[in-house]
Amino acid sequence: MNRKWIRYIGLCLCIWLVPSLTWAHTHLKQSTPGDGDTVSQPVQKLTLVFEERIEQGGSVELRDDAGHTVKPSSVKIQGDTLEATLGSALPDGNYTAQWKIIGLDGHPMQGSFHFEVKAGKTSTSQKPPTVPKQQPTPHHDQHPAPVKRSTSSPVIWVVALLILSAAVIVGWLFWRKPKA
Ligand SMILES: [Cu+2]
């Protein structure tokens, strides 16, 4: 065995591993209101545009500083866009929008963004929070949702692991100096 062989194995590893690692998740591209925006117009609709087409079944939920949760009265998903319509315009305040979608690659993704409404509509009829405050989430982060179902083929990982193990063994055999 020579170094060429090791390089060959390394190449194989790359060919097998890289595509499985770089299958892109579908991330949020932009939203209205945008992350960090202060909006002076009444907000009764949220529009989330993702990098790719998303599957049906996505959702978005708003939470204000007091812990009130606002759920959209309707959610429409079309292509790469999720449009959520609220029952009524949001009272002034700070909001965290938490979204959950299923990307084109079948991976559930979730994330959040923040915005502030300063449209002059104060909250008068709001009752004390009935929804307990949930754990704070990091600002505008996006990450895969906890995977309950295996969406990407586990076979590829098994194969990758096998190849990796083989490469490690071969590498070990190669570098193990024969006793003179
Ligand atoms: Cu993905």
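Residues numbered from 1 in each chain as written. Predicted model: local features only at pLDDT ≥ 70, side-chain atom pairs only at ≥ 80, totals over all residues. Heavy atoms only, no water.

Under an unreviewed UniProt entry, the name given to the protein chain is CopC domain-containing protein, and the organism recorded is Polycladomyces abyssicola. The Subcellular location (unreviewed entry) comment attached to the protein chain in UniProt states, word for word, "Cell envelope". (UniProt positions renumbered as here; feature names shortened; annotations may be inferred.)

A. The overall build of the protein chain, seen in detail. Counting its secondary structure elements, the protein chain contains two helices and 10 strands. Among the 180 residues that make up the protein chain, the fraction classed as buried is 30%. By sequence separation, contacts in the protein chain at least 24 residues apart represent 71% of the contacts at least 6 residues apart. As presented, the protein chain carries roughly 11700 Å² of accessible surface, and 59% of it is formed by carbon and sulfur atoms. (Helix = DSSP H or I, 4+ residues; strand = E, 2+ residues; numbered from the N terminus. Buried < 20%, exposed > 50% of the residue type's maximum accessible area, 1.4 Å probe, protein only. Contact = heavy atoms within 4.5 Å. Areas by Shrake-Rupley, 256 points an atom, 1.4 Å probe, with all protein chains shown as cover.)

B. Spotlight on the sheet that holds strand β3 (residues 45–50). Ordered in space as β1-β3-β7-β6, the four strands form an open sheet in which the pairing is antiparallel. The sheet is open, and its two borders are formed by β1 (28–32) and β6 (74–78), each paired with just one other strand. Neighbour to neighbour, the strand axes of the sheet diverge by 15° on average, direction disregarded. Of the pairings in the sheet, the one linking β6 to strand β7 (residues 81–85) comprises five bridges and is antiparallel in character. The residue bridging K76 from the neighbouring strand is E83, located in β7. (Pairing = 2+ DSSP bridges. Axes fitted to C-alpha atoms, helices over the stretch in contact; angles between N-to-C directions.)

C. Representation of the coordination of the copper ion in the model. At 1.9 to 2.0 Å from the copper ion lie its protein donor atoms, namely H25 (ND1), D105 (OD) and H107 (ND1). Mapping the donors of the copper ion onto the primary sequence yields the spacing H-x79-D-x1-H. Note that H25 is positioned in the loop between α1 (3–22) and β1 and H107 in the loop between β8 (93–102) and β9 (108–117), a separation of 82 residues in sequence. Accessibility expressed as a relative area gives 23% for H25, which makes it partly exposed. (Donors = N, O, S within 2.8 Å, 3.2 Å for Na, K, Ca; no water.)

D. View of the pattern of salt bridges. Per the stated rule, a full pass over the model turns up two salt bridges. For K45, the salt bridge goes to E83, with nearest N and O atoms at 4.0 Å. Within this pair, whereas K45 is found in strand β3, its partner E83 is found in strand β7, the two being separated by 38 residues in sequence. The class of K45 is partly exposed, set by a relative accessible area of 43%. On the basis of relative accessibility, which here comes to 22%, the residue E83 falls in the partly exposed class. When the shortest N-O distance is used, the salt bridge between E61 and K71 registers 3.9 Å. Here K71 lies in the loop between β5 (69–70) and β6 and E61 lies in strand β4 (residues 59–64), a separation of 10 residues in the sequence. Exposure remark for E61: the relative accessible area of 23% places this residue in the partly exposed category. (Salt bridge = Lys/Arg side-chain N within 4 Å of Asp/Glu carboxyl O.)

E. Quick peek at the packing of aromatic side chains. Enumeration according to the criterion identifies three aromatic pairs in this entry. Ring geometry for F50 versus W99: centroids 5.0 Å apart, planes at 75°, classification edge-to-face. Of this pair, F50 sits in strand β3 while W99 sits in strand β8; the two residues are 49 residues apart in sequence, bridging distant segments of the chain. In this pair, the class of F50 matches that of W99, namely buried. Judged by centre distance (5.8 Å) and plane angle (25°), the rings of Y95 and F115 are stacked. (Phe/Tyr/Trp six-rings, centres within 6.5 Å; stacked < 30°, edge-to-face > 60°.)

F. View of the side chain of H107. The class for H107 is buried, based on a relative accessible area of 14%. Separated by 2.9 Å, the side chains of H107 and H25 make a polar contact. (Polar contact = N/O pair within 3.5 Å; in protein donor to acceptor, adjacent residues only side chain to side chain.)

G. A nonpolar patch on the surface, seen in detail. Residues L161, L164 and V168 make up a contiguous nonpolar surface patch of about 280 Å² in total accessible area. Among the structural elements, L161 can be located in helix α2 (residues 154–175). (Patch = residues over 30% accessible without salt bridge, like charges linked within 9 Å, V, L, I, M, F, W, Y side chains within 5 Å.)

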